[in-house]
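Residue-level structure breakdown
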Amino acid sequence: MANTTRRRIITVFGASGFIGRHLVRRLAKAGWVVRAACRDPEDASFLRTMGDVGQVIPWGANLTDPISVHVALNGAEAAVNLVGILYESGSATFQRMHVDAAKLVAEKATELGLKHLVHMSALGADAESDAEYARTKAAGEAAVMAAFPGASIVRPSVVFGPEDNFFNMFAGLCRLSPFLPVMGAPTFPRVRLGGEAGFGIDFLGDGGPKFQPVYVGDVADAIVACLHSADAAGQVYELAGPRVYSFADIMRLLLSITRRRRLLLPVPFWVAEIQAFFLEKLPKPLLTADQIRLMQTDNIASGNAKGLKDLGIAATPAEAVLPTYLNRFRTQTGQPRPASS
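Residues numbered from 1 in each chain as written. Predicted model: local features only at pLDDT ≥ 70, side-chain atom pairs only at ≥ 80, totals over all residues. Heavy atoms only, no water.

1. Considering the sheet that holds strand β4 (residues 78–81)
- An order of β3-β2-β1-β4-β5-β6-β13 is seen for the 7 strands of this open sheet, with the pairing classed as parallel. Each having just a single partner strand, β3 (56–60) and β13 (236–239) make up the two edges of the open sheet. Here the average twist between neighbouring strands, direction ignored, is 20 degrees.
- Relative to β3, strand β2 (residues 33–38) runs parallel, the two being bridged by 5 bridges. (Pairing = 2+ DSSP bridges. Helix = DSSP H or I, 4+ residues; strand = E, 2+ residues; numbered from the N terminus. Axes fitted to C-alpha atoms, helices over the stretch in contact; angles between N-to-C directions.)

2. Comments concerning the packing of helix α5 (residues 166–176) against helix α7 (residues 247–258)
- Axis separation between α5 and α7 bottoms out at 10 Å; the angle between their running directions is 60 degrees. As α5 runs across α7, the sense of the crossing is right-handed. Listed contacts from α7 to Phe166, Phe167, Phe170, Ala171 and Cys174 of α5 are Phe247, Ile250, Met251, Leu254, Leu255 and Thr258.
- Considered class by class, the residues forming the contact of α5 with α7 number 10 nonpolar, 1 polar and no charged. (Left-handed = near helix turned anticlockwise from the far one by under 90°. Contact = heavy atoms within 4.5 Å. Nonpolar A, V, L, I, M, F, W, Y, C, P; charged D, E, K, R; others polar.)

3. Description of helix α4 (residues 132–147)
- Look at α4: 22 Å from first C-alpha to last across 16 residues, which is about the 22 Å you get at 1.5 Å a residue.
- By the burial criterion, the buried members of α4 are Tyr133, Ala134, Thr136, Lys137, Ala138, Gly140, Glu141, Ala143, Val144 and Ala147.
- Close packing links the buried residues of α4 with α3 (94–111), β5 (116–120), β6 (152–156) and α9 (289–295). (Expected span 1.5 Å × (residues − 1). Buried < 20%, exposed > 50% of the residue type's maximum accessible area, 1.4 Å probe, protein only.)

4. As for the packing of aromatic side chains
- Under the criterion given, the structure shown has 10 aromatic pairs.
- When the ring of Phe166 is compared with that of Phe170, the centres are 5.3 Å apart and the planes differ by 70 degrees; the resulting orientation is edge-to-face. Here Phe170 and Phe166 lie together in helix α5, a separation of 4 residues that amounts to about one turn.
- In this structure Phe166 comes out as buried when scored by relative accessible area, which is 19%.
- An angle of 90 degrees between the planes, with centres 5.7 Å apart, marks the rings of Phe170 and Phe247 as edge-to-face. Here Phe247 lies in helix α7 and Phe170 lies in helix α5, a separation of 77 residues in the sequence. (Phe/Tyr/Trp six-rings, centres within 6.5 Å; stacked < 30°, edge-to-face > 60°.)

5. Details of the pattern of salt bridges
- Under the definition given, this model contains 8 salt bridges.
- It is possible to trace a salt-bridge network through shared partners that takes in Glu141, Arg155 and Glu238. (Salt bridge = Lys/Arg side-chain N within 4 Å of Asp/Glu carboxyl O.)

6. Some remarks on the environment of Leu227
- Looking at where Leu227 falls in the secondary structure, it is placed in helix α6 (residues 216–228).
- Spatially, the C-alpha atoms of Leu227 and Gly307 are 15 Å apart, while their sequence positions differ by 80 residues.
- Once you skip the residues sitting within four places of it in the chain, Leu227 turns out to touch Ile10, Leu27, Ala78, Val80, His116 and Val118.

7. Details of the pairing of β5
- Of all 5 residues that make up β5, 4 are buried, and the element is covered over most of its length.
- When β4 meets β5, the two strands line up parallel, connected through 4 bridges. Residue pairing for β5: Ala79 is matched across the bridge by Leu117.
- For the crossover from β4 across α3 to β5, the handedness is right-handed.
- As judged from the 3 bridges shared by β5 and β6, these two strands associate in the parallel manner. Bridging across to β6, Val118 finds its partner in Ser152. (Right-handed = clockwise from strand over helix to strand, strands pointing away.)

8. Let's talk about unusual backbone geometry
- Positive phi is not limited to glycine here, since Arg259 has a value of about 60 degrees.
- Relative to the helices and strands, Arg259 is located in the loop between α7 and β15 (263–267).
- When its relative accessible area of 26% is taken as the criterion, Arg259 is described as partly exposed.

Structure follows, in structure tokens:
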């Protein structure tokens, strides 16, 4: 007798990216047939081995083309949109990728009768933000919920994991530079006249903006949980780790893991803006003026939305994971030592 069991199909936009590869592996394990959608399907070919033969299908899709999005979603039961950009380049603007593309996916998902849609936004999405990144993330959320009211929105903080661009970049910088920057440090150092800290000069102040880094595996697990929970429909989840770090705290943590001593260099926001003026001219900018505006608001959970624990997920500490992939940046001599400042 023929097996008539119908396998569930899910389309993942941005599947070949950092978060996408971790999500695809979990979806395949959960039994989904995954359309790994990205602009060039060759970029997603490595995902095939994450499932059984024919379970993960690289799929070409252009999020600015309604026909392409329609074809990618046709016949699917669910969709996840992971697409986002950190800086604008050519036609890939914040408005086009964070708002227009998100709206198109949600509208097509409704038109085709999909049961589930998970949209990845960002912690700090705010219609009133000075940063266009945060404003368009908020506008994208609104567009998705208007077109697909049962969508689940996830807002991750800075995401860490083996392929991340944040921790790997600064760990690499440890090997090349005698300094590590502390963005958002005060313009003028503070003189300590006594007390528990003793006498001295404080160059770093509060250590710059605050972050609550979240493990990529927890983000992927949260998305899967949203797909499998009826209670997640129409909800917003702030995905953040168990600890809040200042920018200086993160630099010290990296130095401890890599067993290096480097000076922490205070970089006030006005200095960073000058640097960004030049760096954002690069084909792949290391820093942009919009990112500086974004950093002037702490990237931590507001406490006004649901989080990982509401999805049954215990947040993974950064200290438990970072050494597993930053060991390659370690110096071969010496023991972990605190950073100088």
